[in-house]
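Residues per chain, in single letters:
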Amino acid sequence: MPIATVNPANGETLRTYEAMGEEEIERRIELAEATFRTYRTTGFYERAGLMRRAADLLEADRREIGRVITTEMGKPVQQARAEAAKCARAMRWYADHAAELLADEEPAEADVKDSGASRALVRYRPLGPVLAVMPWNFPLWQVIRFAAPALMAGNVGLLKHASNVPQTALYLEDLFQRAGFPEGCFQTLLIGSAQVDDVLRDERVRAATLTGSEPAGRAVASTAGEMIKKTVLELGGSDPFVVMPSADVERAAEVAVTARTQNAGQSCIAAKRFIVHTDVYDAFAERFTEGMKALRVGDPMEEETEVGPLSSEQGLNDLVELVDDAVRGGASVLCGGERPDGPGWYYPPTVLAGVTREMRIHREEAFGPVATLYRAADLDEAVLIANDTDFGLSSNVWTRDDADVDRFVRDLEAGGVYVNGMTASHPAFPFGGVKRSGYGRELSRHGIREFCNITTVWHGA
């Protein structure tokens with residue numbers, strides 16, 4: 001895949017880049033290692049000042065970088081600006097909290113005595129250069145939620161971004177440099193996927209994080225395992241959105257529209273499978289379908305647009321194949337379902353009912369504004385359908401019954417359970433999945449500690 005900006009709204013190639021050669025990659029890895037040796041000794045106060053400066057710059061740039069994001073991957077421009085603002089807030093959160101999250105920990109006095117020590121503590125130390133392989137769908141946020149905690153912990157970053165968002169990738173390197181971070185703290189590698197393996201095998205690269213597809217996750221995890229390097233993987237998702245009889249059905253349907261179609265449905269944590277108790281199925285299906293029909297699809301540069309194009313022609317073709325396969329298998333199309341004529345990689349908000357286990361869309365992640373509706377006879381069947389997937393990233397449950405909530409929290413196989421609301425990432429809460437959605441956690445204290453050497457310090461009596 002070429003490294004290029006291709007406008008999804010019309011398919012026009014606007015800018016292309018040459019992949020970095022071996023000599024430039026070597027220079028950047030060496031710079032990262034050299035910078036780490038000194039940056040790791042800086043204090044939290046100094047790092048926090050730099051991070052807050054980067055947040056201020058990003059916030060000031062949000063209109064400009066928002067238009068770049070929209071041009072590169074098709075996100076409606078108001079959503080792109082909101083993404084930039086969210087990143088700035090997360091950067092400030094880590095600037096405010098990193099020292100507390102990574103403070104030395106002292107074991108219980110009785111345990112210290114029992115170990116024969118006069119004193120003991122646990123200290124969190126940075127690992128070194130971390131390779132981040134990041135996707136295009138949230139081209140700022142996916143990077144910042146790695147970079148902010150990693151840099152605040154004293155690590156340095158090497159970014160291999162998706163090949164269709166090179167201008168955003170270069171902007172991020174420039175952002176941290178303008179903020180005053182030492183040269184080499186955060187660098188972008190304009191390389192293709194085939195070059196990732198060599199970078200990860202370099203002994204100076206100490207760990208890796210990847211957000212992306214399951215095959216990409218397997219490849220990175222395989223190499224990292226061979227090299228005995230720490231990895232964090234956030235892969236696909238096919239999140240359930242369960243609606244029970246006690247729910248506010250009207251509100252659930254309203255939120256469901258946003259949960260399925262934000263970023264044109266191109267989100268791992270987007271609700272994708274809508275599992276509705278039979279007592280409220282018809283009411284929910286009607287309201288949800290009407291809400292999907294009412295969305296404004298169009299030019300992502302227009303402020304009124306709610307759903308823009310998909311990011312690539314291949315992504316559009318993959319989505320069309322999933323829908324067509326479901327229809328051939330007997331699924332009913334309640335709205336949408338047909339690829340429009342004209343330029344750009346657009347697909348209408350679509351609702352499918354009557355989906356069965358034999359259809360590909362039941363097993364595979366639909367990365368676009370396509371929702372599948374399931375009817376559940378009771379709570380047991382709702383849980384069964386919700387867990388009938390290889391993925392386990394997040395989940396949404398709508399109910400006013402505390403017993404329902406307890407059961408879903410106990411039994412849903414997911415990294416998150418959001419009750420009466422849609423899944424959303426926030427720096428204070430851990431983010432990640434189970435099963436084939438990956439392992440490890442981003443954000444919160446769990447995320448900042450993923451790329452730390454958790455060190456026991458023991459003093460003899």
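Keep in mind it's a predicted model, so treat the numbers as computed, not measured.

### Observations concerning the overall build of the chain
Each helix and strand counted, the chain has 16 helices and 17 strands in total. The C-alpha atoms of the chain give a radius of gyration of 23 Å, which matches the 23 Å a tight globule of 461 residues would have. Here the chain holds 461 residues, and 57% of them are scored as buried. Partitioning the intrachain contacts of the chain with sequence separation of at least 6 by distance along the chain shows that 73% fall at a separation of at least 24. Summing over all exposed atoms, the chain offers an accessible surface of approximately 19,100 Å²; the carbon and sulfur share of this is 48%. Here the chain holds 50 positive side-chain charges and 69 negative ones, and the gap between their average locations is 4 Å.

### Details of the packing of helix H3 (residues 62–73) against helix H7 (residues 166–178)
Packing of H3 against H7 brings their axes to within 8 Å, and their N-to-C directions diverge by 150°. With respect to each other, H3 and H7 are oriented roughly antiparallel. Within the contact between the two elements, H3 uses Ile65, Val68, Ile69 and Glu72 and H7 uses Pro166, Gln167, Thr168 and Tyr171. For the contact of H3 with H7, the per-class residue count stands at five nonpolar, two polar and one charged.

### A short note on the layout of surface pockets
Reported here for the largest pocket is a volume of approximately 1,200 Å³. Lining the largest pocket are 42 residues, with Trp136, Gly212, Ser213, Glu214 and Ala216 positioned closest to its centre. Of all the secondary structure elements, the ones that give two or more residues to the lining of the largest pocket are helix H8 (196–201), strand E7 (207–211), helix H9 (214–227) and helix H12 (313–328). Among the elements that line the lining of the largest pocket, the one with the most residues is H9, at six residues. Its residues assigned to classes, the lining of the largest pocket comprises 21 nonpolar, 14 polar and seven charged. One number sums up the size of the second largest pocket: a volume of about 450 Å³. Lys86, Phe138, Gln262, Ile269 and Ser425 are, among the 27 residues lining the second largest pocket, the residues nearest its centre. In terms of residues, the lining of the second largest pocket owes the most to one element, helix H4 (residues 77–101), which gives five residues. Partitioned by chemical class, the residues of the lining of the second largest pocket number 11 nonpolar, 10 polar and six charged.

Reading the values: the criteria
- Residues numbered from 1 in each chain as written.
- Predicted model: local features only at pLDDT ≥ 70, side-chain atom pairs only at ≥ 80, totals over all residues.
- Heavy atoms only, no water.
- Helix = DSSP H or I, 4+ residues; strand = E, 2+ residues; numbered from the N terminus.
- Rg over C-alpha atoms; globule rule 2.2 N^0.38 Å.
- Buried < 20%, exposed > 50% of the residue type's maximum accessible area, 1.4 Å probe, protein only.
- Contact = heavy atoms within 4.5 Å.
- Areas by Shrake-Rupley, 256 points an atom, 1.4 Å probe, with all protein chains shown as cover.
- Lys, Arg positive; Asp, Glu negative; His and termini not counted.
- Charge placed at Lys NZ, Arg CZ, Asp CG, Glu CD.
- Axes fitted to C-alpha atoms, helices over the stretch in contact; angles between N-to-C directions.
- Parallel < 35°, antiparallel > 145°, perpendicular 65-115°, else oblique.
- Nonpolar A, V, L, I, M, F, W, Y, C, P; charged D, E, K, R; others polar.
- 1 Å grid on protein atoms, 1.4 Å probe; cavity = no way out; pocket = protein on both sides within 12 Å on 5 of 7 lines; lining within 4 Å.
- Points joined across faces, edges and corners; volume = space filled by probe spheres on them.

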